[in-house]
Amino acid sequence: MPKFIIFILLFSASITAQQVAILKYNGGGDWYANPTAVPNLIKFSNDNIHTTILEKPKSVEPNSAEIFNYPIIFMTGHGNVFFSESDTKNLRDYLTSGGFLHISDNYGLDNYIKKEFKKIFPELEFQEIPHDHPIYHQTYSFENLPKIHEHDGKPAQGFGIFYEGRMVCFYDYESDLSDGWEDEVVHNDPLKTREKALKMGANIIEYVFEN
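The present account deals with the structure reproduced in this document. These figures come from a predicted structure and were not determined experimentally. (Residues numbered from 1 in each chain as written. Predicted model: local features only at pLDDT ≥ 70, side-chain atom pairs only at ≥ 80, totals over all residues. Heavy atoms only, no water.)

## Concerning empty space enclosed by the protein
Rule in force here: Buried and open spaces are told apart on a 1 Å grid over the protein atoms alone, a cavity being a set of points where a 1.4 Å probe fits but cannot get out and a pocket being an open set with protein on both sides within 12 Å along at least five of seven lines. Residues with an atom within 4 Å of a point are the lining residues. Grid points are joined across faces, edges and corners, and a volume is the space filled by probe spheres set on the points. Helix numbering and strand numbering both begin at the N terminus, where a helix is a DSSP run of H or I of at least 4 residues and a strand a DSSP run of E of at least 2. Residue polarity follows a fixed list, in which Ala, Val, Leu, Ile, Met, Phe, Trp, Tyr, Cys and Pro are nonpolar, Asp, Glu, Lys and Arg are charged, and the others, Gly among them, are polar.
Summed over the entire model, instances satisfying the criterion amount to one cavity of 30 Å³ or more. Taken as a whole, the largest cavity holds about 30 Å³ of empty space. The wall of the largest cavity is formed by Asp179, Gly180, Glu182, Asp183, Glu184, His187, Asn188, Asp189 and Arg194. Secondary structure elements with two or more residues in the lining of the largest cavity: α5 (177-181) and α6 (184-187). Residue classes in the lining of the largest cavity are distributed as no nonpolar, three polar and six charged.

## Brief notes about the packing of aromatic side chains
Stated formally: Ring pairs are drawn from Phe, Tyr and Trp, using the six-membered ring of Trp, whenever the two centres fall within 6.5 Å, and their geometry is named by plane angle: stacked under 30 degrees, edge-to-face over 60, tilted for the rest. Throughout this description, buried means an accessible area under 20% of the type-specific maximum (1.4 Å probe, protein chains only), exposed means over 50%, and partly exposed covers the range between. The criterion for a charge sitting over a ring is simple: Lys NZ or Arg CZ within 6 Å of the ring centre, and within 35 degrees of the ring normal.
Applying the stated criterion to the full structure yields 11 aromatic pairs. Taken together, a centroid distance of 5.8 Å and an interplanar angle of 90° make the contact between phenylalanine 74 and tryptophan 181 edge-to-face. Taken together, the residues phenylalanine 74 in strand β3 (residues 73-77) and tryptophan 181 in helix α5 connect sequence positions 107 residues apart. Given a relative accessible area of 4%, phenylalanine 74 falls into the buried group. Residues tyrosine 136 and phenylalanine 170 carry aromatic rings whose centres are separated by 6.2 Å and whose planes lie at 75° to one another, so their mutual orientation is edge-to-face. With tyrosine 136 in the loop between β5 (127-128) and β6 (157-163) and phenylalanine 170 in strand β7 (residues 166-173), this pair connects stretches of sequence that are 34 residues apart. Of the two residues examined, tyrosine 136 and phenylalanine 170, each falls in the buried class. Connected via pairs of aromatic rings, a cluster forms that spans Phe117, Phe126, Phe159, Tyr171 and Tyr173. We note lysine 114 situated over the ring of phenylalanine 159; from NZ or CZ to the ring centre the distance is 5.9 Å.

## Quick notes on the side chain of glutamate 174
Short version of the rule: Any two residues having at least one pair of non-hydrogen atoms within 4.5 Å are treated as being in contact.
Among the secondary structure elements, glutamate 174 is positioned in the loop between β7 and α5. Residue classification places glutamate 174 among the buried positions, given a relative accessible area of 3%. Those residues in contact with glutamate 174, other than ones at most four positions away along the chain, are Tyr107, Lys147, His149, His151, Asp152, Lys154, Pro155 and Ala156.

## Digging into the packing of helix α2 (residues 37-48) against helix α7 (residues 191-210)
Filter applied, for reference: Under this scheme, a helix contributes an axis fitted over its contacting stretch, all axes are lines through C-alpha atoms, and angles between N-to-C directions fall in the 0 to 180 degree range. Orientation categories follow fixed angle ranges, with anything under 35 degrees roughly parallel, anything over 145 roughly antiparallel, 65 to 115 roughly perpendicular, and all other angles oblique.
Contact geometry of α2 with α7 gives a least axis separation of 9 Å together with a crossing angle of 75°. One element, α2, and the other, α7, form an angle in the roughly perpendicular class. Here Asn40, Leu41, Phe44 and Ser45 of α2 come into contact with α7, specifically with Arg194, Leu198, Lys199, Gly201, Ala202 and Ile205. Residues of the contact of α2 with α7, tallied by class, amount to five nonpolar, three polar and two charged.

## Details of unusual backbone geometry
Backbone geometry places histidine 50, a non-glycine residue, at a positive phi of 65°. With respect to the helices and strands, histidine 50 occurs in the loop between α2 and β2 (58-60). Residues other than glycine seldom take positive phi values, yet aspartate 176 does so here, at roughly 65°. Positionally, aspartate 176 belongs in the loop between β7 and α5. For aspartate 176, a relative accessible area of 0% puts it in the buried group.

Here you go:
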């Protein structure tokens, strides 16, 4: 697909449809984890930062032309991720033409993400995002990436892939942001913890829509 057509599709999606998607990846990992997370984030963003995102996200496969309809795609899970050659090419075209991927490590994705992203961007590495980066300072301001759940005693970190100076992927590690977006009954997280996760998620959406 020519890049100018891809750009038009992404621009149209971000301005008119304002719909987001969840990445249905291969490899056997649970791409469908946290089913209430993205719908809750959409509602929070629409209510608090005045977005007009359709309330139900779509699921989209990485090698599908449909991926270009969405300005931001969310990805989570605990296990194996595998990108085929066609997945890799399509994801690179999507990300280099204006698309954005948010990856929320639900504990267990890290090794797979780093390995598979080397197929997409062999020339690039994940870089830790400094705390003064605008993604942390949109409607809501954070000095640190919120820590929602504890796993290995490691600090929460935000990493990014930058292509020609633009962040095309944000990866929250040891944070569990998407767990914090889930319905309260799922993890019994305190309200303040869930609010922090939702506010950071809203920041990510706001950053993507404005950049």
